[in-house]
Each structure stands twice: as C-alpha cells, then as structure tokens.
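Close look at the chain arrangement
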Amino acid sequence: MISIDPSKNTERENYKFLIGSIIPRPIAFVTSLSKEGVLNGAPFSYFNIVSANPPLISVAIQRSGGRQKDTARNIIDLKEFVVHIVDEHNVELINKTAASLPPDQSEIELAQLTPVKSIKVSTPGVREAKIRMECRLEHSLEVGGEDSPGCDFIIGRIVQYHIESDLYESGRIDSKGLAAVSRLAGNNYAKIGEIFEIERPK
C-alpha cells in the first residue's frame, strides 16, 4: 500500500485523490438569485445530509483562485436557495449549467430549464427535477485555503419539499423511480445500480 502525506501534495493532487476515492457522491443542483434578480444554477457534488432534526443539508462550494462563486455569494446575500436531486433524466441538462458564465447571465436560460415558483422562498426551482428542496441559510463558513479561504461551506435548513407524486408512498421515496445519479472522477457519473440489503445489528 502507498502512503502519501497530503501536506506534500499540490491542491490539484489532493483534489484528484479525493474525487477518485470518495465515490459515489450525490449531486445537488442549486438555484440561487443574485441581488439583481438573475437566476443562477449550478451542480455541486460536495453535498450531503447534516441533520434530520431540523432537516439540514450541506453544500461545499469550492472557490477558484480564492474567488467566491456566484452560488455562494447569492446564498450568503439572500439567505436562501433551492436544492434539486440530479437524476438520469435531467443530468444532461444540468451538466450544461456547469459552464462558466458571468454573473449577469443565467445558466437556467442557457440549459433551457423551466423555472417554477417556490412556496416559502423567493428563489425559483426548476421543473425538470423529481425532487427539490427549498432552503434557508442556516450557517455559512469560510474554510480551507492557505492565504485566503478555499471554500464556502453552506448549511441550509429545508423549509419545503417538492416530490414527484409517483415517487412518494407512505412517507418513503422510491429510489429506483428517482433514478438519482452520482459523481465519480473526471467526466464520469454512475447510476444507482444493484441494490442489496444487510440487516443492521441491534
């Protein structure tokens, strides 16, 4: 087995090890509004559950050259956002939103996604997702980096769920029907694949 000290790696080398090892990663498609009212959309695979009581999720938004991304700036400014689950049917459209656009241009328009009004936040979601979650900002932290922060760590409180009716039964989600996709390394994605069950010890 090879042993490597991450402090002796470049940022890029550590990035490659992380995205190649911590797989599969769920993908959040996040919509946010700028102060000027531009609807921004971007996918993030540094995404997970934080808590069920209250329902909290996290998105880590990496900075580029120390510069805060539009999504992080918008969330911190307006204190709200919408998270969508990326699935087999919308992943191609969502991938288009990863393009680098200036702040005054909407990735939603570029990908020809359909904005849909939210109930409890002013930020719209998109119709093409089977599950979306309206969120209010709970915490934001600047983390990492040598001279300046390398990441904006966002924790959002879910204030409203939207779930396609075919997926919902008795308070549970049909994972096969959701057909969520996950991020691997490079340009690779993965489908759910075979599902197996192991009983947890008491």
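Definitions and limits used
- Residues numbered from 1 in each chain as written.
- Predicted model: local features only at pLDDT ≥ 70, side-chain atom pairs only at ≥ 80, totals over all residues.
- Heavy atoms only, no water.
- Core = buried A, V, L, I, M, F, W, Y, C linked by side-chain atoms within 4.5 Å.
- Buried < 20%, exposed > 50% of the residue type's maximum accessible area, 1.4 Å probe, protein only.
- Helix = DSSP H or I, 4+ residues; strand = E, 2+ residues; numbered from the N terminus.
- Contact = heavy atoms within 4.5 Å.
- Pairing = 2+ DSSP bridges.
- Phe/Tyr/Trp six-rings, centres within 6.5 Å; stacked < 30°, edge-to-face > 60°.
- Lys NZ or Arg CZ within 6 Å of the ring centre and 35° of its normal.
- Salt bridge = Lys/Arg side-chain N within 4 Å of Asp/Glu carboxyl O.

1. Remarks on the nonpolar core
Core analysis: the largest hydrophobic core is formed by 22 residues, its most contacted members being Val 30 and Val 83. Residue assignment for this core shows that the elements contributing at least two residues are β2 (28-33), β3 (39-44), β5 (55-62), α2 (70-78), β6 (80-85), β9 (131-143) and β10 (151-163). With four residues, β9 is the largest single contributor of residues to this core. For Val 83, the residues in contact, after removing those within four places along its chain, are Ala 28, Phe 29, Val 30, Phe 47, Ile 57, Ile 131, Arg 132, Met 133 and Cys 135. Core analysis: the next-biggest nonpolar cluster, separate from the first, contains 12 residues, Ile 27, Val 86, Val 91 and Ala 111 among them.

2. Description of unusual backbone geometry
The linkage connecting Ile 23 with the following residue, Pro 24, adopts the cis geometry, with an omega of -10 degrees. Here Pro 24 lies in the loop between α1 (11-21) and β1 (25-26). Omega for the bond connecting Asn 53 with Pro 54 falls within 30 degrees of zero, at 0 degrees, which places this linkage in the cis form. Assignment of secondary structure puts Pro 54 in the loop between β4 (47-52) and β5. Positive phi, normally seen in glycine, also occurs at Lys 79, with a value near 65 degrees. Relative to the assigned elements, Lys 79 resides in the loop between α2 and β6. For Lys 79, a relative accessible area of 45% gives the class partly exposed. Positive phi values are uncommon outside glycine, yet Ser 170 reaches one of about 55 degrees. Within the secondary structure, Ser 170 is located in the loop between β11 (168-169) and β12 (172-173).

3. Some points on the pairing of β3
Along β3, five of the six residues are buried, which leaves the element largely enclosed by surrounding structure. Here β2 runs beside β3; their pairing, made up of six bridges, is antiparallel. In the sheet register, Phe 29 faces β3, and the bridge partner there is Pro 43. Between β2 and β3, which pair antiparallel in sequence order, lie five residues; one of them, Gly 37, sits at a positive phi of approximately 90 degrees.

4. Describing the packing of aromatic side chains
What the rule picks out here adds up to zero aromatic pairs. The lysine or arginine in question, Arg 183, covers the ring of Tyr 189, its NZ or CZ lying 4.7 Å from the ring centre.

5. Topic: the side chain of Asn 74
You can see Asn 74 is positioned in helix α2. What makes Asn 74 buried here is its relative accessible area of 4%. Those residues within four positions of Asn 74 in sequence are excluded, and the remaining contacts are Ser 32, Leu 33, Ser 34, Asn 40 and Lys 79.

6. Thoughts on α2
Turning to α2, its buried residues number three or more, namely Asp 70, Thr 71, Ala 72, Asn 74 and Ile 75. Residues of α2 that are buried make contact with β2, β3, β5, β6, β9 and β10.

7. Observations concerning the pattern of salt bridges
Here the structure, examined in full by the defined rule, presents six salt bridges. The closest approach of N and O atoms between Arg 63 and Asp 152, which form a salt bridge, is 2.9 Å. Taken together, the residues Arg 63 in the loop between β5 and α2 and Asp 152 in strand β10 connect sequence positions 89 residues apart. The same class applies to Arg 63 as to Asp 152, namely buried. Across the pair Glu 199 and Lys 202 runs a salt bridge whose closest N-O atoms are separated by 3.7 Å. A residue is classified by how much of its surface remains accessible, and Glu 199, at 66% relative accessible area, is exposed. When its relative accessible area of 95% is taken as the criterion, Lys 202 is described as exposed.

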